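Summary of the model geometry
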Amino acid sequence: MAQILTSTSGGLSSAELVKLRHFVIETLTREMETENPPLAQRETMVRQKLTDIFSRLGARVPESIRQQLTRETVSELLGYGPIQSLLDDPDVSEVMVNGPNKVYVEKKGHLIKTGVTFESNEHVLRIIDRIILPLGRRVDPDSPTVDARLPDGSRVNAVVMPVALDGPSITIRKFRKDKLSMQQLVDFGSITAPMAEFLRACVISRLNIVISGGTGSGKTTLLNVLSSLIPEDERIITIEDAAELQLQQDHVVRLETKPANLDGRGQVTIRDLVRNALRMRPERIVVGECRGGETLDMLQAMNTGHDGSLTTLHANTPRDALSRMETMVLMAGMDLPVKVIRQQISAAVDLIVQQTRLKDGSRKVTAVTEVAGMEGDTIVLTDIFRFEQTGMTSDGKVIGALKPTGIRPLFTPRLEAAGFKLPPEVFGANLGDILRKR
């Protein structure tokens, strides 16, 4: 420290600032490890020690540099280093670190490369450890991938060498603190008011709904909104890899998977939790995402009295969603004929809601499709609502409209039995034309 102070009589050069930053962080790291102050007091301790350092440097450190150094030091010691400012930005929905020199964010639906960098691969690894160690997770060359959840609910994935060839990778899907409502989705243009009315009726009428979509298309957001429509007097069990759902109902049991211990034992999978949930007297089962053999258990639950279940899966169209479900059922290890699997799917699933991230970054429901039964060996799908793209503006905005197809679903009697007599206009029928035809 004395050497730095001596060399800065004429002010701090860039090299000296970097040297000072390293010295401050290393010194405060050692002192925090030695003193081990309570978590609530750590930021106060760091700021006090920084004030002491700045007072010894005197006027040689401008106020702007002091503020910058304070932010960087607090972020490095108490936050997540260079990416802390990105996590604090309310407009950033996702942070992606592709090695130390390439950090991207998703901002208002668009991917943007930032000027944020790490010092080295080791620096990225230190931040990964800071994220996952308090959560009881580990990542190393023998176990090079990890999924975790930050204290605020944000979802984290990290990949290290030798799997990550260009340096350690971090992907953080930020947790929305403001819970979206169905009306907000209408205001954003993600759905229309008639679609919202229809989906509300389907959820309350206890239809089994699958939300299908690609990565980052907004499946979990939509699942959150639909789950919020479940009546207060029903017992809900949620099952997730990393808990993201924000259900406000009172009677909710939240279950989350558990990775294996260091000795490879103790893992609790989605499939384990789905099976266990059936013994917990659920009235609704909400699975954050089906991605494997648990799909068979979910279908069986839907077929054995657990109506009103909801889940998501990765697929680009409703028809692709059926194919994916078939594949995932086979992953359960049961040697079932394809026709039997399709019969299970057609009997269990009532509605597929397709969520899509369009080329302009906007997220919309592009299809609401009824699973209408079987014809021979094929599952019949009927679109109730569909997004029709008609072009693009000069600035890259997608032009299109969400329209009803004019077809009423076969499960309409179930909606009516639950008290929902939706007008013909919801499905695109013109009431005047209907009356004239009669």
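Residues numbered from 1 in each chain as written. Predicted model: local features only at pLDDT ≥ 70, side-chain atom pairs only at ≥ 80, totals over all residues. Heavy atoms only, no water.

1. Focus on the environment of glutamine 184
As for its placement among the helices and strands, glutamine 184 is situated in helix 7 (residues 182-188). You can call glutamine 184 partly exposed: its relative accessible area is 28%. Taking the C-alpha atoms as reference points, glutamine 184 and valine 225, separated by 41 residues in sequence, lie 9.8 Å from one another. (Helix = DSSP H or I, 4+ residues; strand = E, 2+ residues; numbered from the N terminus. Buried < 20%, exposed > 50% of the residue type's maximum accessible area, 1.4 Å probe, protein only.)

2. Some words on empty space enclosed by the protein
Throughout the structure, instances matching the rule amount to 1 cavity of 30 Å³ or more. Approximately 60 Å³ is the volume attributed to the largest cavity. What lines the largest cavity is simply Val210, Cys290, Thr295, Met298, Leu299, Met302, Thr311, Leu313, Met325, Met328 and Val349. At the level of elements, helix 11 (294-303), strand 11 (310-314) and helix 12 (318-330) are the ones that each hand at least two residues to the lining of the largest cavity. With 4 residues, helix 11 is the single largest residue contributor to the lining of the largest cavity. Looking at the lining of the largest cavity, its residues break down into 9 nonpolar, 2 polar and no charged. (1 Å grid on protein atoms, 1.4 Å probe; cavity = no way out; pocket = protein on both sides within 12 Å on 5 of 7 lines; lining within 4 Å. Points joined across faces, edges and corners; volume = space filled by probe spheres on them. Nonpolar A, V, L, I, M, F, W, Y, C, P; charged D, E, K, R; others polar.)

3. Notes on the sheet that holds strand 8 (residues 236-240)
In spatial order, the strands read 9-8-10-11-7-12-13-14-15; together these 9 strands make up an open sheet with mixed pairing. Where the open sheet ends on each side, the last strands, each with one partner, are strand 9 (252-256) and strand 15 (398-404). Recorded for the sheet is a direction-independent mean angle of 25° between the axes of neighbouring strands. Across 5 bridges, the pairing between strand 7 (residues 209-213) and strand 11 is parallel. Among the inter-strand pairings, valine 210 is bridged to a residue of strand 11, identified as threonine 311. (Pairing = 2+ DSSP bridges. Axes fitted to C-alpha atoms, helices over the stretch in contact; angles between N-to-C directions.)

4. Description of the pairing of strand 1 (residues 92-98)
Along strand 1, 5 of the 7 residues are buried, which leaves the element largely enclosed by surrounding structure. Of the pairings in the sheet, the one linking strand 1 to strand 2 (residues 103-107) comprises 5 bridges and is antiparallel in character. The residue bridging glutamate 94 from the neighbouring strand is glutamate 106, located in strand 2. The hairpin turn running from strand 1 into strand 2, its antiparallel successor, is 4 residues long, and glycine 99 in that turn takes a positive phi close to 85°. Relative to strand 6 (residues 169-173), strand 1 runs antiparallel, the two being bridged by 5 bridges. Looking at the pairing, glutamate 94 lines up with arginine 173 of strand 6.

Taken by themselves, the reported measurements are silent on function.
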